[in-house]
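Remarks on the overall topology
Chain by chain, the residues:
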Amino acid sequence: MASVKEIKNRIKGVKDTQKITNAMYLIASTKMQRAKAELDRSHPYFEAVRAEIKRIFRTAGEVDSIYFYSEDGIAEKNGTYACLVITADKGLAGSYNQSVIKEAQKLLDEHPDTKLFVVGEYGRQYYARHGIPIEQSSLYPPKNPTVYRAREITEVLLERYDTEEFEKIYIVYTDMKNRLNQEAITYRILPFHRKYFADTFEKERPVAQKFEFMPSVQQVLASTIRSLVSGFIYGALMDSFCCEQSARMTAMDAANRNAEKILSELSVQYNKVRQNLITQEITEVSAGAKAQKMSR
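Residues numbered from 1 in each chain as written. Predicted model: local features only at pLDDT ≥ 70, side-chain atom pairs only at ≥ 80, totals over all residues. Heavy atoms only, no water.

Before going further, it helps to examine the pairing of strand 1 (residues 81–86). The buried fraction of strand 1 amounts to 6 of the 6 residues, a majority that puts the element mostly inside the structure. Strand direction decides the pairing type here: strand 1 and strand 2 (residues 114–119), joined by 6 bridges, are parallel. When the sheet's bridge partners are listed, Leu-84 is paired in strand 2 with Phe-117. The β-α-β motif built from strand 1, the intervening helix 2 (residues 96–110) and the parallel element strand 2 has right-handed crossover chirality. (Buried < 20%, exposed > 50% of the residue type's maximum accessible area, 1.4 Å probe, protein only. Helix = DSSP H or I, 4+ residues; strand = E, 2+ residues; numbered from the N terminus. Pairing = 2+ DSSP bridges. Right-handed = clockwise from strand over helix to strand, strands pointing away.)

In structure tokens form, the structure reads like this:
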């Protein structure tokens, strides 16, 4: 059985660890609230971008673009895919990182000709350990995502999509439906289905006057699509960051509860050992007194 000193040292170690987990819980909570507020403030802009793309189609009619499937939407492209995988820089977040890795693996199993672009040190190290080639890693650290970073990532992906090196672009990230419901999902960024923008054409009032697009409607549409894709990537980065912090809060809360359980067990063990020592001392004193009495 452990000594009193050993038990006291372990209790002290558990309490010190509990201070760290409590601090990490509070930090993750603050970061998540700030990130959600930033994401909510960005929604109106990107919704306006989508509305402008709808307006272009309503005004110019059918526009040929590499960013869209054909009008019938039947032809499927089966060339090289690009996949942006968003993980964290570190663990201590439950199954957050592993869920993203498993979701990305499904796409690799279905379509082996997929080039990986990895955000996050955890994903980079995982693929390096398993010998899975990465096209480009750690485009930016996943913490504190910004619109600027999202645009930089968009340029990296679209530069090769525009040259038809990639047929499709996917993104694997964790979608935060609410604090208790998070899911790693795969989302196709490009190409779009025209119905994604055409579903409300009939509901909106027709444009009374035709617009003039300079230098051309194709270039205006391409520029607008870039902003929309940046919005998708920014939203995915923010969603993933919020999910990471939420998962870390859950993990730290579980660690705190486990620490309380360990402290309770150690306290009982400490009291038992201390009581045994007291009983032993009383027995020794009593035996010594009896021996002294008999000797006299």
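Past the structure itself, the notes keep going.
Under the criterion given, the structure shown has 9 salt bridges. Between Arg-226 and Glu-155 there is a salt bridge, and its shortest N-O distance comes to 3.3 Å. In this pair, Arg-226 is assigned in helix 6 (residues 217–295) and Glu-155 in helix 4 (residues 147–162), connecting sequence segments 71 residues apart. The partly exposed category is assigned to Arg-226, whose relative accessible area is 21%. The class of Glu-155 is partly exposed, set by a relative accessible area of 38%. Among the salt bridges present, the one from Arg-248 reaches Glu-244, with a minimum N-O distance of 3.1 Å. Of this pair, Arg-248 and Glu-244 both sit in helix 6, separated by 4 residues, roughly a single helical turn. Its relative accessible area of 6% is what places Glu-244 among the buried residues. Three or more residues are tied together by salt bridges with common partners; here these are Glu-135, Arg-160 and Glu-165. (Salt bridge = Lys/Arg side-chain N within 4 Å of Asp/Glu carboxyl O.)

Secondary-structure assignment places Ser-240 in helix 6. Looking at Ser-240, the relative accessible area reads 1%, which means it is buried. The residues touching Ser-240, leaving out its near neighbours within four places in the chain, are Ile-86, Tyr-96, Tyr-173 and Thr-174. (Contact = heavy atoms within 4.5 Å.)

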